[in-house]
Amino acid sequence: MLSVAKYLELENLDSVILDCFLPTGKRTTQLVYGRIVSNPFTKSKIPTFPGYNMTMQEVPAGNGNGAHIHKNTEIFLFLDGEWEIGYGFDATEKEVLKGGDLIVVPAFECRTYLNVSSKPAHILTILTGESWVQFDQKVIQEARSYGAICDDWGTLTHDLEGKLIQNLNEEHKKDFRRKEDFSVTSQEEMGKNTFRQTGQNGKVKLPFIPEGISMEMVTVSQGTSRRISLGSLYTSIVVVKGRGLLQGIQVLGTWDTALLENVEGVTEPEIRLEGLDHDSNTFLVVRSDGTEI
């Protein structure tokens, strides 16, 4: 079964996340799978939950998010522009990545991203499992100074107009972590969690994700194709650059997403993915079994 989310048809959402109260936290969010952390208002473009939440965001130059942790792995794929990623204690370790690059951030690791380009840039985020977030206390204090009403781990309890909202993280306090118990990853290990795009044709297996999700980056030239295995329950294909043609039928434009659900006795074991643009065509392939951890 095939579901498609066309990037140009995605709804721009008010994410209603704590760090959006910060002067440099403004951004536009579009939801493909799952939900936006701590947000009960938004519906995903593709209703099926493949075991992870996926957003696309447009971030103005000089803006980013506030320091926070998730209890599961998060993946950042940079669609264009130039970005500074923070990780480690207080997210003070920095890495600069560009469009086409990807980084895997471990569970309970403090992280930030910042658009250091001179114009708006776009990022794709994948949060495995449950949509859970805990913000750094400094971010909570600053957001409260700008009018945010939230609980002690940074989930908003009132909307932008001050009205009470459903707190979807209300029972998540069992996973609350003190700052001294946050995970801290070394530069060497984070280097292993980083993929830098070269544009070379072929398949590249991406860093390990412990929640049972696997990823690869596939690049093909115009008129050439690759066979994509559909052995997992869900296979998601995101066009990172260029355009693609699935099985000779479905055209995918830049930043479009296709979700293929494996139906026993119906789904073929593989699907053909062809490049359409004269420049290189690059696709992120994500395989999962749909489990929420």
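Everything discussed here concerns the structure shown above.
The notes below deal with the structure included here. All of these numbers come straight from a predicted model, not from anything done at the bench. (Residues numbered from 1 in each chain as written. Predicted model: local features only at pLDDT ≥ 70, side-chain atom pairs only at ≥ 80, totals over all residues. Heavy atoms only, no water.)

## With respect to the layout of surface pockets
Reported here for the largest pocket is a volume of approximately 270 Å³. Lining the largest pocket we find 14 residues, and of these L2, L230, Q247, L260 and I271 sit closest to its centre. Broken down by secondary-structure element, the contributors of at least two residues to the lining of the largest pocket are strand 19 (257-261) and strand 20 (270-275). When the residues that make up the lining of the largest pocket are grouped by side-chain class, the tally is eight nonpolar, three polar and three charged. Each pocket or cavity is described by its volume, and for the second largest pocket that value is around 200 Å³. Around the second largest pocket, the lining is made up of 17 residues, and of these T24, N65, T112, Y113 and L114 lie nearest the centre. Elements with a contribution of two residues or more to the lining of the second largest pocket: strand 6 (82-87) and strand 9 (112-115). (1 Å grid on protein atoms, 1.4 Å probe; cavity = no way out; pocket = protein on both sides within 12 Å on 5 of 7 lines; lining within 4 Å. Points joined across faces, edges and corners; volume = space filled by probe spheres on them. Helix = DSSP H or I, 4+ residues; strand = E, 2+ residues; numbered from the N terminus. Nonpolar A, V, L, I, M, F, W, Y, C, P; charged D, E, K, R; others polar.)

## Some details on the nonpolar core
Among the nonpolar cores identified, the biggest contains 29 residues, and L102, M215 and L284 are the most heavily contacted of them. Listing elements by their share of this core, those giving two or more residues are strand 2 (28-33), strand 3 (52-59), strand 5 (74-78), strand 8 (102-105), strand 10 (121-128), strand 14 (214-220), strand 16 (234-241) and strand 21 (281-288). Ignoring anything within four residues of it in the chain, the contact list for L102 reads I75, F76, L77, F78, N193, T194, F195, L206, P207, M215, M217 and L284. Core analysis: the next-biggest nonpolar cluster, separate from the first, contains 27 residues, I17, L22, V139 and I140 among them. (Core = buried A, V, L, I, M, F, W, Y, C linked by side-chain atoms within 4.5 Å. Buried < 20%, exposed > 50% of the residue type's maximum accessible area, 1.4 Å probe, protein only. Contact = heavy atoms within 4.5 Å.)

## Brief notes about the pairing of strand 2
By the criterion of burial, strand 2 is predominantly enclosed, with five of the six residues buried. Relative to strand 3, strand 2 runs antiparallel, the two being bridged by five bridges. Bridge pairing in strand 3 places Q30 opposite M56. (Pairing = 2+ DSSP bridges.)

## Here's the deal with the packing of aromatic side chains
According to the stated counting rule, one finds seven aromatic pairs in the structure shown. With a centroid separation of 5.5 Å and 85° between ring planes, the pair formed by Y33 and Y52 is classed as edge-to-face. Placement of the pair is Y33 in strand 2 and Y52 in strand 3, with a sequence separation of 19 residues. Each member of the pair, Y33 as well as Y52, is classed as buried. Relative to F78, the ring of F76 has its centre 6.5 Å away and its plane inclined at 50°; by these criteria the two rings are tilted. (Phe/Tyr/Trp six-rings, centres within 6.5 Å; stacked < 30°, edge-to-face > 60°.)

## Considering unusual backbone geometry
Most of the time, phi is negative for any residue but glycine, and the peptide bond is trans. One non-glycine residue, F108, adopts positive backbone phi at about 65°. Take F108: it is sitting in the loop between strand 8 and strand 9. In this model, W255 sits at a positive phi of 70°, which is unusual for a non-glycine residue. With respect to the element layout, W255 can be found in the loop between strand 18 (250-252) and strand 19.

## Let's talk about the sheet that holds strand 6
If you trace the three strands from one edge of the open sheet to the other, you get 7-6-9, paired in antiparallel fashion. This sheet does not close on itself; its edge strands, each paired only once, are strand 7 (93-98) and strand 9. Averaged over all pairs of adjacent strands, the angle between strand axes in this sheet comes to 25°, irrespective of strand direction. (Axes fitted to C-alpha atoms, helices over the stretch in contact; angles between N-to-C directions.)

## Regarding helix 1 (residues 137-145)
Buried residues of helix 1: V139, I140 and A143, and no others. Taken down its axis, helix 1 places every buried residue within 100° of arc, on the same side. Residues of helix 1 that are exposed and point over 90 degrees away from its buried face: Q141 and S145. Looking at the packing, one finds that the buried side of helix 1 touches strand 11 (134-135). (Arc of directions from axis to C-beta.)

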